[in-house]
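As a plain string of letters, each chain reads:
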Amino acid sequence: MNAPLLSVSRRTRSTPFSGRVEAAGVRAYTVYNHMLLPTTFRGVEEDYLHLRRAVQVWDVSCERQVELVGPDAARLAQLLTVRDLRSLTIGRCAYAPIVDDDGLLINDPIALRLAEDRYWFSIADSDVALWAAGNARGLGLNVSVREPDVWPLAIQGPEAEDVAALVFGDVVRTIKFFRFAELSFHGHSLIVARTGWSAQGGFEIYVDDAEVGAALLDEIMIAGAPFDIGPGCPNQIERIEAGLLSYGNDITRADTALEAGLGNYCSLDAPIEAIGIDALRRERTAGITKRVCGLLIDGERVPAQRDPWMVSAGSGSVGIVTSAIWSPRLLTNVALAMVNVEHLTIGTELVVTAPDGDRSAHVTNVPFDGAVQR
């Protein structure tokens, strides 16, 4: 059966790079933050192997920025996340979970501080601008909340730094992980951050001018030619192996930040004012009942997944598989799952009900390092 097609309209917004992406042979899109996000070029496994070996350029314009500007920008930024932002100086990035009053996840963005009174939240797939604007208005804060026209491009892969240096100069090599700098491209200042949704390393470039962005993409491709650069996109195999969670798939509005395994990014002992932090403090005291984990699933490659698969122990359900795929590097099926805490010991044997039948599985460490954990 052929997969259904995606009808593209103004509601599924294209990007300044869509024409070049399609000329490069994109095979599939998804919709992310109401925008087109490429998901496949050569094929999922071929894209994965190329990403791990060489370098790719990604159109991730769907990573929208929620901008806070004004005298109360710092206060609103801190209210929005349970991560302590007091040490977020200009030029730094921070993974900053956003939760509601009950501690349930609204988004898991990266926060960037561009100036004393200016912040960006580079968001996952949900309408954070509405949440931020509603809180600003309800609290009477003196702050502007908007979604600026910014379209990130990512350079990812083992050769990403060498390619970026050819475009921006060797100064790009001095940018530390989760830091950014304003660098010049043809006289235009661009924010370049050492971040990205892969474990292979690289940069995200925040493009705020469509014409400059088109020229930048072309120059990146020219600079990367000796490194076998190619078009790419966030890869399902690579991100599962790395334990990179997909908001809306692995973690949703039904999960708290602690259940999502984001406790290290929740500053529960800091004296900060943040929406939902008291709920998470209470949950920490009471204890969580489920948490994200990794699974190795036995058998041949699992079928394509759309909906969660049940995970059981004995005769009862103990969780769901949220993302699963065959790893050509590890030669096994790797998966992320949300499982009851009493079954999270490494090596615990479970059963996954896939569309083609029950499969044996066991709990393992994330990221997946290739070792069989028993």
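The preceding data block contains the structure.
This report concerns the structure included in the present document. In this text, all values refer to a predicted model and were calculated from it rather than measured experimentally. (Residues numbered from 1 in each chain as written. Predicted model: local features only at pLDDT ≥ 70, side-chain atom pairs only at ≥ 80, totals over all residues. Heavy atoms only, no water.)

Topic: the environment of E67
- For E67, the location among the structural elements is in strand 4 (residues 65-69).
- For the pair E67 and E238, spaced 171 residues apart in the sequence, the C-alpha separation amounts to 30 Å.
- If we skip the residues at most four places from it in the chain, E67 touches R118, Y119, W120, S144, V145, R146 and P148.
- A polar atom in the side chain of E67 sits 2.9 Å from the side chain of R118. (Helix = DSSP H or I, 4+ residues; strand = E, 2+ residues; numbered from the N terminus. Contact = heavy atoms within 4.5 Å. Polar contact = N/O pair within 3.5 Å; in protein donor to acceptor, adjacent residues only side chain to side chain.)

Quick word on unusual backbone geometry
- Omega for the bond connecting V366 with P367 falls within 30 degrees of zero, at 5°, which places this linkage in the cis form.
- Its location among the elements puts P367 in the segment after strand 21 (357-364).

Describing the environment of C62
- For C62, the location among the structural elements is in the loop between strand 3 (55-59) and strand 4.
- For C62, a relative accessible area of 2% corresponds to the buried category.
- Along the sequence, C62 and L36 sit 26 residues apart, while their C-alpha atoms lie 6.8 Å from each other.
- In this view, C62 contacts Y32, N33, M35 and L37; residues no more than four positions away in its chain are not counted. (Buried < 20%, exposed > 50% of the residue type's maximum accessible area, 1.4 Å probe, protein only.)

Topic: the nonpolar core
- Judged by nonpolar contacts, the single largest core of 79 residues is most densely connected at F168, V172, I205, L216 and I220.
- Tallying contributions element by element places helix 5 (residues 160-168) first for this core, with 6 residues.
- Ignoring sequence-local partners within four residues, the contact set of I205 consists of W151, P152, L153, I155, F168, L190, I191, V192, L216 and I220.
- Core analysis: the next-biggest nonpolar cluster, separate from the first, contains 22 residues, L68, A77, I98 and A111 among them. (Core = buried A, V, L, I, M, F, W, Y, C linked by side-chain atoms within 4.5 Å.)

With respect to the pattern of salt bridges
- Enumeration according to the criterion identifies 22 salt bridges in this entry.
- Across the pair R301 and E45 runs a salt bridge, and its minimum N-O distance is 2.5 Å. With R301 in the loop between strand 16 (290-297) and strand 17 (309-313) and E45 in helix 2 (residues 44-53), this pair connects stretches of sequence that are 256 residues apart.
- A relative accessible area of 23% means that E45 is categorised as partly exposed.
- Salt-bridge contacts for R173 lead to D170; the nearest nitrogen and oxygen are separated by 3.1 Å.
- With a relative accessible area of 53%, D170 lands in the exposed category.
- The network of salt bridges with shared partners includes E161, D162, D170, R173 and R194. (Salt bridge = Lys/Arg side-chain N within 4 Å of Asp/Glu carboxyl O.)

Overview of a nonpolar patch on the surface
- Together, L6, V8 and V31 give the surface a local cluster of nonpolar side chains, amounting to about 230 Å² of exposed area.
- Tracing the chain through its elements places V8 in the segment before helix 1 (18-23). (Patch = residues over 30% accessible without salt bridge, like charges linked within 9 Å, V, L, I, M, F, W, Y side chains within 5 Å. Areas by Shrake-Rupley, 256 points an atom, 1.4 Å probe, with all protein chains shown as cover.)

Notes on the packing of helix 5 against helix 6 (residues 210-224)
- Interaxial distance between helix 5 and helix 6 falls to 9 Å at its minimum, and their mutual angle equals 125°. Classified by the angle between their axes, helix 5 and helix 6 sit oblique to one another. The interaxial crossing formed by helix 5 with helix 6 has right-handed handedness. On helix 6, the residues that touch V163, L166, V167 and F168 of helix 5 are L216, E219, I220, A223 and G224.
- When the residues that make up the contact of helix 5 with helix 6 are grouped by side-chain class, the tally is 7 nonpolar, 1 polar and 1 charged. (Axes fitted to C-alpha atoms, helices over the stretch in contact; angles between N-to-C directions. Parallel < 35°, antiparallel > 145°, perpendicular 65-115°, else oblique. Left-handed = near helix turned anticlockwise from the far one by under 90°. Nonpolar A, V, L, I, M, F, W, Y, C, P; charged D, E, K, R; others polar.)

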